[in-house]
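Structural characterization, general
One letter stands for each residue in the lines below.
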Amino acid sequence: MIGDLIHRIEKAPMKFPKVTVVLVSAALLFVLWDQTREQPDPIDASRLTNLRANPVELSAAVDWIFTQIPDFCSDATGEGSETKAHADCVKKAEARTSTCRRMLYDRFPTVVASEAVFRDVSLTAMECVVPRSGLVE
């Protein structure tokens, strides 16, 4: 019986994986398209000053907040950017950005239209990427 199954498997022609080739090709085309399209300009702090009149998307605000990680680490460690403690802080914070980004997107609206919402997003993001629990000043 097992010999019969092996004989059938050996004689069965192998089919060309058309679906797999199509899916992989589509994925490669998407990656190439994404890399060649124009990237948005990075947001600067002046864009975040009058949010009531000029709201910003949450993703842009979070991107700007995460560019401030070295400053957060300087404040948290109390040391300059040349120290090992600062470098470790930045490395750990950057490792947490994807988790923190997901949490922020789940917790806040997609458009930041007030200074109060931006403050809440900023404080929540800072606490997530550079936790300071137990710090007594």
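Look up a bit, the structure's there.
A brief structural summary. Model, not experiment: these values are computed from the prediction.

Points about the nonpolar core
Residues Ile65, Phe66, Ile69, Phe118 and Val129 are the most contacted members of the largest nonpolar core, which totals 25 residues. Contributions of two or more residues to this core are made by α3 (58–67), α4 (69–77), α5 (84–107) and α6 (115–129). Not counting residues up to four positions away in its chain, the partners in contact with Phe118 are Leu48, Leu51, Ala61, Trp64, Ile65 and Val112.

Digging into α4
Because each turn of an α-helix spans 3.6 residues, side chains separated by three or four positions in sequence point in the same direction. For α4, the full list of buried residues reads Ile69, Phe72 and Cys73. An end-on view of α4 places all buried positions within 95° of arc, on one side of the element. Across from the buried face of α4, at angles greater than 90 degrees, the exposed residues are Asp71 and Asp75. Here the buried face of α4 lies against α3, α5 and α6. Once α4 ends, the next one or two residues include Gly78, with phi positive near 75°.

Observations regarding the packing of α5 against α6
α6 packs onto α5 with a crossing angle of 145° between their chain directions and a minimal axis gap of 8 Å. For the pair α5 and α6, the sense of crossing is right-handed. The residues of α6 that touch α5, namely those facing Ala93, Arg96, Thr97, Cys100, Met103, Leu104 and Arg107, are Val121, Thr124, Ala125, Cys128 and Val129. For the contact of α5 with α6, a count of residues per class yields eight nonpolar, two polar and two charged.

Section: the packing of α3 against α4
Two numbers describe how α3 lies on α4: the axes approach to 5 Å, and their chain directions differ by 50°. When the axes of α3 and α4 are compared, the pair comes out oblique. Mapping the contact onto sequence places Ile65, Phe66 and Thr67 in α3 and Ile69, Pro70 and Phe72 in α4. Residue classes in the contact of α3 with α4 are distributed as five nonpolar, one polar and no charged.

Re the packing of aromatic side chains
To describe a pair of aromatic rings, you give the distance between the ring centres and the angle between the ring planes. Scanning the model with the defined rule gives two aromatic pairs in all. With a centroid separation of 5.7 Å and an interplanar angle of 40°, the aromatic rings of Phe30 and Trp33 are classed as tilted. Taken as a pair, Phe30 and Trp33 lie in helix α2 (residues 18–36) at a separation of three residues, close to a single helical turn. Classification of Phe30 as exposed rests on a relative accessible area of 51%. With a centroid separation of 6.2 Å and 45° between ring planes, the pair formed by Trp64 and Phe118 is classed as tilted. Placement of the pair is Trp64 in helix α3 and Phe118 in helix α6, with a sequence separation of 54 residues.

A few points about the pattern of salt bridges
For the coordinates displayed, the defined rule picks out four salt bridges. For Arg37, the salt bridge is made with Asp34, and the minimal N-O distance between the two is 2.9 Å. Asp34 gets classed as partly exposed once you look at its relative accessible area, which sits at 28%. In this structure, Asp120 and Arg119 form a salt bridge, with 3.3 Å as the shortest nitrogen-oxygen distance. Judged by its relative accessible area of 35%, Asp120 falls in the partly exposed class. We classify Arg119 as partly exposed; its relative accessible area is 46%.

Rules used throughout
Residues numbered from 1 in each chain as written. Predicted model: local features only at pLDDT ≥ 70, side-chain atom pairs only at ≥ 80, totals over all residues. Heavy atoms only, no water. Core = buried A, V, L, I, M, F, W, Y, C linked by side-chain atoms within 4.5 Å. Buried < 20%, exposed > 50% of the residue type's maximum accessible area, 1.4 Å probe, protein only. Helix = DSSP H or I, 4+ residues; strand = E, 2+ residues; numbered from the N terminus. Contact = heavy atoms within 4.5 Å. Arc of directions from axis to C-beta. Axes fitted to C-alpha atoms, helices over the stretch in contact; angles between N-to-C directions. Left-handed = near helix turned anticlockwise from the far one by under 90°. Nonpolar A, V, L, I, M, F, W, Y, C, P; charged D, E, K, R; others polar. Parallel < 35°, antiparallel > 145°, perpendicular 65-115°, else oblique. Phe/Tyr/Trp six-rings, centres within 6.5 Å; stacked < 30°, edge-to-face > 60°. Salt bridge = Lys/Arg side-chain N within 4 Å of Asp/Glu carboxyl O.

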